[in-house]
Amino acid sequence: MKSRSPALQSRPKTSTTAPAQPGEVRIISGQWRGRKLPVLDVMGLRPTTDRVKETLFNWLMQDTQGRVVLDCFSGSGSLAFEALSRHAHSALLLERDSKAAAQLKQNLARLQCSNAEVRQTDTMQFLAGPAIQQFDLVFIDPPFRQGLALPCAALLQQGWLKTDALIYLETEKELDIRGLPESWRLIKDKIAGQLAYRLFVYQPVAADAV
């Protein structure tokens, strides 16, 4: 697979639409630019802020188009919706809370989006099962301080990732990431307040490549 690393250089970008208000997420760019979608008030649900999301997608640049997306802890769906707006090929959104999952499905219907699926499931149990598909853009934004990020990363190693997959990880800033797989090469990282967000590329050694 051709490496897309050159496309990952940052480019300044100015937002021209009003920020999302509490109880909603805003799509920043792409075919649904400016659309605002409702978000349920669910304990532990913490949508990625517009500023962080804008930085992430500046990192990704055109590298979203055509990607097969996995949103591991979907919550509001903000990251998956943004990727789909920017012409990702498809997306699978995993969400344990039944009400949040129902809201995700309603929002996909509002967008008339037919290339995304919501599964109400426990992410860790789902990823512990057989890999039913491989993904090349993965979002990992779990509830903070619940010990989910590193185990999730380990499970993704079991056949879920394409070589050169891009992986976004958003966690509490104090998390020790030395436990991440050696095949995850850090491309970009930044600290914002109490959170750290990072972009990796999955580059397994030949013997481990799927």
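See above for the structure.
Residues numbered from 1 in each chain as written. Predicted model: local features only at pLDDT ≥ 70, side-chain atom pairs only at ≥ 80, totals over all residues. Heavy atoms only, no water.

Asks: Honestly, the sheet that holds strand S4 (residues 90-95) in this entry has me stumped. Any pointers?
Replies: Strand pairs in the sheet, formed through backbone hydrogen bonds, run parallel or antiparallel to each other. The seven strands are arranged S5-S4-S3-S6-S7-S9-S8 in an open sheet whose pairing can be described as mixed. The open sheet has two edge strands, strand S5 (116-120) and strand S8 (184-192), and neither has a second partner. If you compare each strand with its neighbour and ignore which way they point, the axes differ by 15 degrees on average. Sheet topology places strand S3 (residues 68-71) next to strand S6 (residues 135-140); three bridges connect them, and they run parallel. In the strand pairing of S6, Val69 is matched with Leu137. Against the sheet, helix H3 (residues 98-110) engages S4 and S5, with an angle of about 165 degrees to S5. (Pairing = 2+ DSSP bridges. Helix = DSSP H or I, 4+ residues; strand = E, 2+ residues; numbered from the N terminus. Axes fitted to C-alpha atoms, helices over the stretch in contact; angles between N-to-C directions. Contact = heavy atoms within 4.5 Å.)

Asks: Explain the pattern of salt bridges here, please?
Replies: Pairs can form between side chains of opposite charge whenever their charged atoms are close. Under the definition given, this model contains ten salt bridges. For the salt bridge of Lys36 with Glu24, the shortest nitrogen-to-oxygen distance reads 4.0 Å. Placement of the pair is Lys36 in strand S2 (residues 36-38) and Glu24 in strand S1 (residues 24-26), with a sequence separation of twelve residues. Residue Arg86 is joined to Glu82 by a salt bridge in which the shortest nitrogen-to-oxygen separation is 2.9 Å. Here the salt bridges do not stand alone but share partners, grouping Lys53, Glu82 and Arg86 into one network. (Salt bridge = Lys/Arg side-chain N within 4 Å of Asp/Glu carboxyl O.)

Asks: In this structure, what is going on with the packing of aromatic side chains? I would like to understand it.
Replies: Aromatic rings considered in pairs are described by the distance between their centres and by the relative angle of their planes. On inspection of all chains with the given rule, the structure shows six aromatic pairs. Ring centres of Phe126 and Trp160 lie 5.4 Å apart, and the angle between their planes is 35 degrees; on these two criteria the pair is classed as tilted. Here Phe126, found in helix H4 (residues 123-128), pairs with Trp160, found in the loop between helix H5 (149-156) and strand S7 (161-172); they are 34 residues apart in sequence, far enough to count as distant. Note on Phe135 and Trp160: the rings are 6.4 Å apart at their centroids and 20 degrees apart in plane angle, and the pair reads as stacked. Separated by 25 residues along the polypeptide, Phe135 in strand S6 and Trp160 in the loop between H5 and S7 bring together distant segments of the chain. The two residues Phe135 and Trp160 agree in class, both being buried. Cluster of aromatic residues (ring-pair linked, three or more members): Phe57, Phe139 and Tyr168. (Phe/Tyr/Trp six-rings, centres within 6.5 Å; stacked < 30°, edge-to-face > 60°. Buried < 20%, exposed > 50% of the residue type's maximum accessible area, 1.4 Å probe, protein only.)

Asks: Please explain the side chain of Asp71 as it appears in this structure.
Replies: Mapped onto the elements of the fold, Asp71 is located in strand S3. Reaching out from Asp71, the side chain makes a polar contact with the side chain of Ser74 at a distance of 3.1 Å. Residues in contact with Asp71, not counting those within four places in the same chain, are Gly77, Leu79, Ala80, Leu92, Leu93, Leu94 and Phe139. (Polar contact = N/O pair within 3.5 Å; in protein donor to acceptor, adjacent residues only side chain to side chain.)

Asks: Help me understand the nonpolar core, please; the structure alone is not making it clear to me.
Replies: The tendency in soluble globular proteins is for nonpolar side chains to be buried as a group. One finds Leu56, Phe81, Leu84, Leu93, Phe139 and Tyr168 to be the most contacted residues of the largest nonpolar core, which totals 35 residues. Those residues in contact with Tyr168, other than ones at most four positions away along the chain, are Thr48, Val52, Leu56, Leu79, Val138, Phe139, Ile140, Tyr197, Arg198 and Leu199. Leu70, Phe73, Phe126 and Leu155 belong to the second largest nonpolar core, which has 27 residues in total. (Core = buried A, V, L, I, M, F, W, Y, C linked by side-chain atoms within 4.5 Å.)

Asks: Is there a simple way to explain the environment of Val138 in this structure?
Replies: Tracing the sequence through the fold places Val138 in strand S6. Sequence separation of Val138 and Leu169 is 31 residues, and the distance between their C-alpha atoms is 8.5 Å. Setting aside chain neighbours within four positions, we find Val138 in contact with Leu70, Cys72, Leu156, Leu161, Leu166, Ile167 and Tyr168.

Asks: Which parts of the structure should I look at to understand H5?
Replies: One turn of an α-helix holds 3.6 residues; hence residues three or four places apart share an orientation. Among the residues of H5, Ala149, Cys152, Ala153, Leu155 and Leu156 are the ones counted as buried. Around the axis of H5, the buried residues are gathered within 160 degrees of arc, so they sit on the same side. Those residues of H5 that are buried are in contact with S3, H4, S6, S7 and S8. (Arc of directions from axis to C-beta.)

Asks: Explain helix H2 (residues 78-85) here, please?
Replies: When you tally the buried positions in H2, you get eight out of eight residues, the bulk of the element. Listed in full, the buried residues belonging to H2 are Ser78, Leu79, Ala80, Phe81, Glu82, Ala83, Leu84 and Ser85.

Asks: Is there a simple way to think about the state of the cysteines in this case?
Replies: What is meant by a disulfide is a covalent connection between two cysteines, made through their sulfur atoms. Considering all chains together, one arrives at zero disulfides under this definition. Unpaired in this structure, Cys72 has its nearest cysteine sulfur neighbour in Cys152, at a distance of 4.0 Å. (Disulfide = S-S within 2.5 Å.)

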